[in-house]
Amino acid sequence: MQRLDIKPLIVLIALIHLCVTLLAQEDQPFPYNMSLNQEKVVQSPCCVVLDYRYSDYIDVYYRPDTTCAFAKVRNDVQNDVYLQITIEEKAGLFFKVNISTILEHCQFYMSDVFIRKEHLIILSRYTSTSMPLYSAPSYSRSVDYHVPNAHGYIYNVLDCSDGWLKVSFIDGSNNRIEGWMPPEYQCSNVYTACMGM
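The rules we used
Residues numbered from 1 in each chain as written. Predicted model: local features only at pLDDT ≥ 70, side-chain atom pairs only at ≥ 80, totals over all residues. Heavy atoms only, no water. Disulfide = S-S within 2.5 Å. Helix = DSSP H or I, 4+ residues; strand = E, 2+ residues; numbered from the N terminus. Salt bridge = Lys/Arg side-chain N within 4 Å of Asp/Glu carboxyl O. Buried < 20%, exposed > 50% of the residue type's maximum accessible area, 1.4 Å probe, protein only. Core = buried A, V, L, I, M, F, W, Y, C linked by side-chain atoms within 4.5 Å. Contact = heavy atoms within 4.5 Å. Phe/Tyr/Trp six-rings, centres within 6.5 Å; stacked < 30°, edge-to-face > 60°. Lys NZ or Arg CZ within 6 Å of the ring centre and 35° of its normal.

A. The state of the cysteines, seen in detail. Within the structure shown, the criterion is met by 2 disulfides. Here C46 connects covalently by a disulfide to C160, the sulfurs 2.0 Å from one another. Here the disulfide of C46 and C160 is right-handed, its torsion about the S-S bond being about 85°. Pair noted here: C46 is in strand β1 (residues 40-50) and C160 is in strand β10 (residues 155-161), with a separation of 114 residues, a long-range link.

Here you go:
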């Protein structure tokens, strides 16, 4: 008589239990343990963009844990529809965000979800002067670098604090530059570069 292997059945039951548990908690704030990387509420949210040069999917998570992905999103590069990300909180390697489309006629919205920090960018508003990058998110701190022709670069987003963005980019001499971009220089609209705004 052949012996029945019940391991696949146990795994299936465990998966069903997990799904039922997640559905039962869908309307409640998802509890997550932030003892190692304390969650930090961003006083003034930062609005950034999912890198428009990146056409692959990124994972969306229920909580700041790579085992909790439940969806994938991406830019629709072929139809020129891009995702705007509003950073609400910081959680270690993750941001808690709201995700929407920039174009109003292509509406999409997802709120209070977590994404990893990779692939987020910001542009600079068009300016005829150089853009200062500060050593910390405050006008009282020193300016580490002045970016000439700032609107010509794509800035990778590293951090967000009260409307300020810590960014990095490669300058014309192939040097990697980092600093804090003030809110008034930020542009999260890939269509207009915030000209005339």
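B. Examining the pattern of salt bridges more closely. Counted by the stated rule, this structure contains 7 salt bridges. Between D51 and R53 there is a salt bridge, with its nearest N and O atoms 2.7 Å apart. Assessed through its relative accessible area of 8%, D51 is described here as buried. Since its relative accessible area comes to 51%, R53 is described here as exposed. E178 serves as the salt-bridge partner of K166, at 3.8 Å between the closest nitrogen and oxygen. Placement of the pair is K166 in strand β11 (residues 164-170) and E178 in strand β12 (residues 176-181), with a sequence separation of 12 residues.

C. Up close: the nonpolar core. Of all hydrophobic cores here, the largest spans 30 residues; its most connected members are I99 and Y155. Sequence-distant contacts of Y155, that is, excluding residues within four places in its chain, are made with L120, I121, I122, L123, S124, M131, V147, A150, V167, S168, F169 and M181.

D. Structural view of the packing of aromatic side chains. Summed over all chains, the structure comprises 11 aromatic pairs. Each ring, one from Y61 and one from F94, has its centre 5.4 Å from the other, and the planes form 85°; the classification is edge-to-face. Highlighted residues: Y61 in strand β2 (residues 58-61) and F94 in strand β5 (residues 94-101), separated in sequence by 33 residues. As far as burial versus exposure is concerned, Y61 and F94 are alike and both buried. Through pairs of rings, three or more aromatic residues link up here, namely Y145, Y153, Y155 and F169. The ring centre of F94 lies 5.7 Å from the NZ or CZ of R116, which sits over that ring.

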